[in-house]
Amino acid sequence: MKIESAETVVTSPGRNFVTLRITTTDGVTGLGDATLNGRELAVETYLREHVVPLLIGRDAGRIEDTWQYLYRGAYWRRGPVTMAAIAAVDTALWDIKAKVAGMPLYQLLGGASRAGALAYGHASGRDVPELLDSVRAHLDAGYRAIRVQTGVPGLGSVYGVAASPAAAGGKRYDYEPAQRTALPVEETWDTRAYLRHVPGVFEAVRAEFGPELPLLHDGHHRMTPIQAGRLGRDLEPYDLFWLEDATPGEDQAALRLIRQHTTTPLAIGEVFNSAHDYTTLLQERLIDYVRSAVTHTGGITAMRKLLDMAGHYGAKSGIHGPTDISPVGMAAALHLDLAIHNFGIQEYMRHSAETLEVFHTSYTFQDGLLHPSDAPGLGVVLDDEAATRFPYEPAYLPVNRLTDGTVHDW
Ligand code: KDG
Ligand code: MG
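What you see is a predicted model; the values in this text were computed from it and never measured.

Parameters at a glance
- Residues numbered from 1 in each chain as written.
- Chains lettered and ligands numbered in written order.
- Predicted model: local features only at pLDDT ≥ 70, side-chain atom pairs only at ≥ 80, totals over all residues.
- Heavy atoms only, no water.
- Domains from an automatic or database assignment.
- Contact = heavy atoms within 4.5 Å.
- Buried area = accessible area lost by both parts, 1.4 Å probe.
- Salt bridge = Lys/Arg side-chain N within 4 Å of Asp/Glu carboxyl O.
- Near = heavy atom within 4 Å.
- Polar contact = N/O pair within 3.5 Å; in protein donor to acceptor, adjacent residues only side chain to side chain.
- 1 Å grid on protein atoms, 1.4 Å probe; cavity = no way out; pocket = protein on both sides within 12 Å on 5 of 7 lines; lining within 4 Å.
- Sits in = over half its atoms within 2 Å of the grid points.
- Nonpolar A, V, L, I, M, F, W, Y, C, P; charged D, E, K, R; others polar.
- Helix = DSSP H or I, 4+ residues; strand = E, 2+ residues; numbered from the N terminus.
- Expected span 1.5 Å × (residues − 1).
- Buried < 20%, exposed > 50% of the residue type's maximum accessible area, 1.4 Å probe, protein only.
- Phe/Tyr/Trp six-rings, centres within 6.5 Å; stacked < 30°, edge-to-face > 60°.
- Lys NZ or Arg CZ within 6 Å of the ring centre and 35° of its normal.
- Points joined across faces, edges and corners; volume = space filled by probe spheres on them.
- Donors = N, O, S within 2.8 Å, 3.2 Å for Na, K, Ca; no water.
- Axes fitted to C-alpha atoms, helices over the stretch in contact; angles between N-to-C directions.
- Parallel < 35°, antiparallel > 145°, perpendicular 65-115°, else oblique.

A few words on the domain arrangement of the protein. Interface size, as often reported, equals the accessible area lost upon joining of the parts. By domain assignment, the protein separates into domain 1 (3-103) and domain 2 (108-375). The centre of domain 1, based on its C-alpha atoms, is set 26 Å off from the matching centre of domain 2. Contacts between the two partners involve 33 residues from domain 1 and, on the opposite side, 34 residues from domain 2. The contact between domain 1 and domain 2 buries some 2500 Å² in all, and 58% of this surface belongs to carbon and sulfur atoms. Where domain 1 packs against domain 2, one counts three salt bridges.

Attention now moves to the site of ligand 1. Taken together, 15 residues surround ligand 1, and among them Asn-37, Tyr-159, Glu-270, Asp-324 and Glu-347 come closest. In this structure, an oxygen atom belonging to ligand 1 sits 2.8 Å away from a side-chain N or O atom of Asn-37. Of all the cavities here, the one that holds ligand 1 is the largest pocket. Residues belonging to the shell around ligand 1 are distributed by class as follows: three nonpolar, four polar and eight charged.

Before going further, it helps to spend a moment on helix H3 (residues 80-101). In this model H3 runs 31 Å from its N-terminal to its C-terminal C-alpha over 22 residues, within 8% of the 32 Å that 1.5 Å per residue would give. Burial runs high along H3: 16 of the 22 residues are buried. Directly after H3, the chain includes Gly-102, whose backbone phi takes a positive value near 70 degrees.

Glancing now at the packing of aromatic side chains. Centre-to-centre distance and the angle between the planes together describe a pair of aromatic rings. Throughout the structure, instances matching the rule amount to 13 aromatic pairs. In textbook terms, an aromatic cluster arises when at least three aromatic residues are bridged by ring pairs, as seen for Tyr-120, Phe-241, Trp-242 and Tyr-289. Above the plane of the ring of Trp-189 lies Arg-222, whose end atom (NZ or CZ) is 4.2 Å from the centre. Note that Lys-305 overlies the ring of Trp-67, its terminal NZ or CZ placed 6.0 Å from the centroid.

What follows covers empty space enclosed by the protein. Throughout the structure, instances matching the rule amount to two cavities of 30 Å³ or more. Volume-wise, the largest cavity comes out at about 70 Å³. Looking at the largest cavity, it is lined by 15 residues, and the ones nearest its centre are Gln-149, Thr-150, Tyr-194, Val-198 and His-217. Elements supplying a minimum of two residues to the lining of the largest cavity: strand S5 (146-150) and helix H7 (191-209). Element by element, the count of residues in the lining of the largest cavity is highest for H7, at five residues.

Before going further, it helps to spend a moment on the coordination of the magnesium ion (ligand 2). Looking at the metal site, the magnesium ion (ligand 2) is ligated by Asp-218 (OD), Glu-244 (OE) and Glu-270 (OE), spaced 2.0 to 2.1 Å from it. All donors of the magnesium ion (ligand 2) come from a single chain, and their spacing in sequence reads D-x25-E-x25-E. With Glu-244 in strand S8 (residues 242-244) and Glu-270 in the loop between strand S9 (266-268) and helix H10 (279-283), the pair connects residues that are 26 residues apart, well separated along the chain. Judged by relative accessible area, which is 0%, Glu-244 ranks as buried. In this structure Glu-270 comes out as buried when scored by relative accessible area, which is 16%.

So, on to the packing of H3 against helix H11 (residues 299-312). Angle between the axes and distance between the axes: these two values describe a pair of packed helices. Two elements in contact, H3 and H11, have axes whose closest approach is 6 Å; the angle formed by their N-to-C orientations is 95 degrees. Taken together, H3 and H11 sit at an angle that is classed as roughly perpendicular. In this structure, H3 uses Ala-87, Asp-90, Thr-91 and Trp-94 to contact H11, whose residues at the interface are Gly-299, Ile-300 and Thr-301. Residue composition of the contact of H3 with H11, grouped by class: three nonpolar, three polar and one charged.

Structure, rendered in structure tokens:
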């Protein structure tokens, strides 16, 4: 069975998505997610100009060989654009292989290790009362683990915090989609104000919801190592499931310093794109959870290897699953979540109704657990007619500046 054609589909049902569809000579199709938030067209061009011509006529069943061919053959390795493109090809080929086998993909990955994947949702509020309402709405929606983010007194809008009560109520997620503007929106940041505020927020959430609910928090790379060590220590009484992206991810040694100061579990890696980004972190046991996305890390093949490596060092999965991972990328994550041994948790921000008009999914969310379904392959169908109704629109993630105007990490 050979690859007959491959095409990219760019669509924007609420936010931009890039999808690769591969069709075999037998007429079997497979989908892969290649969405890179704010840089979508770079991956689409890379795929269309440099990858699709290499795929035509290849044996669709040779997934490992195709992965190595695209990775080693290009000479230029790693990087988010390249690895998202390889991920899309790899995921589409796994989708095809599982459809041909007549099985859900997780069966080809070794079968289910659990009944479902524990999911966490994003509660947020501009202030504590709004946040508590948002946590309640997420519990009502069935979540059993919750990420907690709030506005910071004295600052305006803060990335990761819903801009409206409707969003805070868990009904809509209008804060992490990139803004549909020609230039990125700029936000103002003050780490000292944040560090003063956050422990009180967790105190309030624990007082309201008790000690058992798993709570998570995302630092969005904004702290220095010593600030992160202090925050981790200050949050210890509230028993976090994890503190995510405390410092800029590329500085692996920073995690050593944080570890010396706190026992709060640490998660990192949503901006990583290779297992090599984790070698120090895993070998020295500096992190507890691996946050990579299937979409940005070379697909099912590379994620399986990365997560197996993490398991050898006692680290668990926490696969990235915001709404800029398309339903195709989410389904791929869920098949891995079900199959691997060292599953930790799965991020799950529900996609908008428009997104689900374009991507028909079969995965389920019940009693706090996600399941990829037993549909053959990934279990996602792309509706071309619906996709054409939502053309691409430029959109960017915000840029963060300190109060004096200095560009800052986020
Ligand atoms: O594209 C960026 C988003 O995916 C990211 O900001 C979301 O931090 C995020 C998370 O943990 O989901
Ligand atoms: Mg994050």
